[in-house]
Amino acid sequence: MNPERAVGSKVVLITGGSRGIGRATALLFAREGYDVAFSFHRGTDPARATAHAIEACGRHAFYRPIDAARADETAAFVTDARDELGRIDAVVANAGITGSLGWEGVSPEEWRSIFATNLEGQYFAVRAAVPDLKRTRGAAILVASIAGLTAQPEEVAYAAAKAGTISLARSLALALAPEVRVNAIAPGWVRTDMTAGLYDEPQARAAIVRGIPRGRWGEPEDVAAAALFLASDGARFVTGETLVVDGGNSLSWRIGRQR
Amino acid sequence: MFDLGDSVILVTGASRGIGRAIALELARGGADVAVHYHTATAAAESVAAEIRTLGREARTFSADVVDRERVQEMVRAAGEWKGRLDGLVTSAGIYRGPPFEEVGLEEWDETLRTNLAGTFWAIQAAVPWLRRGRHPSVVTISSVLGSHAAIGGAPYQTSKAAVEQMTRALALELAPDIRVNSVAPGFVRTDINRAAHEDPEFHRTVARATALGRWGEPEDIAPAVRYLLSREADWVTGLVLGIDGGIPLR
């Protein structure tokens, strides 16, 4: 453990923390007084920038490149993060990837890769942190997607993996109760690098907004706030739940201004 | 975080139990609170007094929510207090638990009119005031028994299932301006179920069935309501959030 650290600051561990929802979550938790450990896959520059932003909040940052699909790298990251920052109060299992479009063209390798990063990676991240979470009576938050609640003919593997995440949150919630709470967040269309291809295309961007009752794309901060709530003492009686953050997108088959 | 600074929020059924805990939590978040109650005047006044000691304003409003006109008058009075409402929490509710075959018109009517119709008319009456509010939103109170079955209290369970669908329907219809969400508490120790949680055997049964190993307290429910009313939940609507200690997981 780093002896320089002030004893007692809470620590959040985030997979996929250099960009998008993971980055916004890291910064929000840092502003709320957490030290932050985060993993990233590619792109050292955004990771370094996220770490600097955490430190600018006066918090400690620990970050490392890992392949979130690999259990061994994930477990080593969790162990080293705990050794460096002293404890783990919350895990946000956020690392995720999408695949190519179309229901027919998913190769076995792509299928396995999507499941390994999105679903297995969450299981191994939480599992590695369980002893620490039990000590702090902490919380795990799995980032799912409304793709896991709805039909996604263009992205069958991603949607199935995200449905798996929602199931995983329930099973782990019961397995780890009463010491550790486990919940999922199901974001809708959030403006990140993952969705930039659609957001940057005016017609696609507008078509998506028409599907969102709140009338706007989500921002990563919308999801980060939900994660902060679920990690907080205010959510002490919430476990096994899925908090949908989608501007109402999944409420109906055709939203929009039906009037 | 989850700051409700200077908002005006009406909480129905706020004199006791979950509604009371919500009213106090919203005041701690910076809200002025319109405290609705039915008959417990002294309890409502004490909630209002406690809110004032937190440095916020409070005023009490009485109405029987089974009566549509009384609800409309009460909501209008609460709206006129500050000329707007930024939030509405519909916490007024009752439980009657006779076996199904003994449910009479009185239990049915009282339950559905209080829990379901009372919620519906309160939201309808509040909409014009919410439209004058800042970042307006509504939080209804459902129950784990709105989506999971138990033996006894079928009218109650029916009313809460309906509240959940009302929440989703209104989230869509009142979008994009007004958000509508719900919290679904599990077994929470309040006056509504005092007989149940004071029965030692039932108390143990519920605690054992709940993943987190205990009954809920009203204070466990309130922070989620505060989050849902806050600007940080600006992109959350139509959500029914269970706050039940994981009881449906078993």
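Predicted model only: the values in this text are computed from it and were never measured.

Novice: For this particular structure, what's the right way to read the overall build of chain A?
Specialist: For chain A, the helix and strand inventory stands at eight helices and seven strands. For 259 residues, the compact-globule estimate of 2.2 N^0.38 gives 18 Å, and the C-alpha radius of gyration of chain A, at 18 Å, lies within 12% of that figure. Seen through its C-alpha atoms, chain A measures out along the principal axes to roughly 60 × 40 × 35 Å. Split into buried and exposed, the 259 residues of chain A put 54% on the buried side. Expressed as a percentage of contacts within chain A between residues at least 6 apart in sequence, the contacts between residues at least 24 apart total 74%.

Novice: In this structure, what is going on with the sheet that holds strand 7 (residues 240-243) of chain B? I would like to understand it.
Specialist: In a beta sheet, neighbouring strands pair by backbone hydrogen bonds and run either parallel or antiparallel. Residue and element names in this part refer to chain B. Taken in spatial order, the seven strands make up an open sheet running 3-2-1-4-5-6-7, and their pairing is parallel. On the outer flanks of this sheet lie strand 3 (58-62) and strand 7, each paired with one strand and no other. Adjacent strand axes in the sheet meet at a mean angle of 20 degrees, parallel and antiparallel pairs treated alike.

Novice: Honestly, the interface of chain A and chain B in this entry has me stumped. Any pointers?
Specialist: Frequently, the measure chosen for interface size is the accessible area removed from exposure when the parts meet. If you look at the interface, chain A gives 30 residues, while chain B gives 28 residues. Elements that contribute at least two residues to the side of chain A that touches chain B include exactly helix 5 (156-176), helix 8 (220-231) and strand 7 (242-245) of chain A. Grouping the amino acids of the side of chain A that touches chain B by side-chain chemistry returns 16 nonpolar, eight polar and six charged.

Novice: Can you help me understand the packing of helix 1 (residues 20-31) of chain A against helix 2 (residues 44-56) of chain A in this one?
Specialist: For any two helices packed against each other, the geometry is given by the interaxial angle and the distance between the axes. Residue and element names in this part refer to chain A. Where helix 1 meets helix 2, the closest approach of the two axes is 9 Å, and the angle between their N-to-C directions is 15 degrees. Overall, the two elements helix 1 and helix 2 adopt an arrangement that is roughly parallel. Read as a crossing pair, helix 1 and helix 2 show a hand that is right-handed. Seen from helix 1, the contacting residues are Arg23, Ala26, Leu27 and Ala30; seen from helix 2, they are Thr50, Ala53 and Ile54. Among the residues making up the contact of helix 1 with helix 2, the classes are represented as five nonpolar, one polar and one charged.

Novice: Mind showing me how you'd approach helix 1 of chain A here?
Specialist: Because an α-helix packs 3.6 residues into every turn, residues spaced three or four apart end up facing the same way. Residue and element names in this part refer to chain A. Along its twelve residues, helix 1 runs 17 Å from first to last C-alpha, staying within 8% of the 16 Å computed at 1.5 Å per residue. With eleven of its twelve residues buried, helix 1 lies for the most part within the structure. Here helix 1 has its buried residues at Gly20, Ile21, Gly22, Arg23, Ala24, Thr25, Ala26, Leu27, Leu28, Phe29 and Ala30. Two residues or fewer past helix 1, Gly33 is found with a positive phi of approximately 100 degrees.

Novice: I tried to follow the pairing of strand 3 of chain B on my own but got confused; where do I start?
Specialist: In the case of a regular strand, side chains alternate between the two sheet surfaces. All names here are of chain B. Pairing geometry for strand 2 (residues 32-37) and strand 3, over five bridges, is parallel. Opposite Ala34, over in strand 3, you have Arg59 as the bridge partner. Since strand 2 and strand 3 lie parallel, the crossover through helix 2 (residues 41-53) that links them has a hand, and here it is right-handed.

Novice: I'm lost on the environment of Pro223(B) in this one. Help?
Specialist: Residue placement: Pro223(B) occurs in helix 8 (residues 218-229). When the C-alpha atoms of Pro223(B) and Leu26(B) are compared, they prove to be 8.3 Å apart, with 197 residues separating the residues in sequence. In this view, Pro223(B) contacts Gly234(A), Ala235(A) and Glu25(B); residues no more than four positions away in its chain are not counted.

Novice: Help me out: how do you make sense of the confidence of the model for chain B in this one?
Specialist: Here chain B averages 96 in pLDDT, and 100% of its residues register 70 or above. For this predicted complex, the interface confidence reaches an ipTM of 0.97, while the overall pTM sits at 0.96.

Novice: What's the story with the packing of helix 4 (residues 108-136) of chain A against helix 5 of chain A in this structure? I'm lost.
Specialist: Residues and elements named next belong to chain A. Two elements in contact, helix 4 and helix 5, have axes separated by 9 Å at closest approach and are oriented at 20 degrees. Taken together, the axes of helix 4 and helix 5 lie roughly parallel to each other. Where helix 4 crosses over helix 5, the two elements pack in a sense that is right-handed. For the pair helix 4 and helix 5, contact is made by Glu110, Trp111, Ile114, Phe115, Asn118, Leu119, Gln122, Tyr123, Val126 and Val130 and by Ala157, Tyr158, Ala161, Lys162, Gly164, Thr165, Leu168, Leu172 and Leu176, respectively. Tallied by class, the residues present in the contact of helix 4 with helix 5 amount to 13 nonpolar, four polar and two charged.

Quick notes on the rules
Residues numbered from 1 in each chain as written. Chains lettered and ligands numbered in written order. Predicted model: local features only at pLDDT ≥ 70, side-chain atom pairs only at ≥ 80, totals over all residues. Helix = DSSP H or I, 4+ residues; strand = E, 2+ residues; numbered from the N terminus. Rg over C-alpha atoms; globule rule 2.2 N^0.38 Å. Buried ≥ 20, exposed ≤ 12 C-beta atoms within 10 Å, placed from the backbone. Contact = placed C-beta atoms within 7 Å. Pairing = 2+ DSSP bridges. Axes fitted to C-alpha atoms, helices over the stretch in contact; angles between N-to-C directions. Nonpolar A, V, L, I, M, F, W, Y, C, P; charged D, E, K, R; others polar. Parallel < 35°, antiparallel > 145°, perpendicular 65-115°, else oblique. Left-handed = near helix turned anticlockwise from the far one by under 90°. Expected span 1.5 Å × (residues − 1). Right-handed = clockwise from strand over helix to strand, strands pointing away. pLDDT = per-residue confidence, 0-100.

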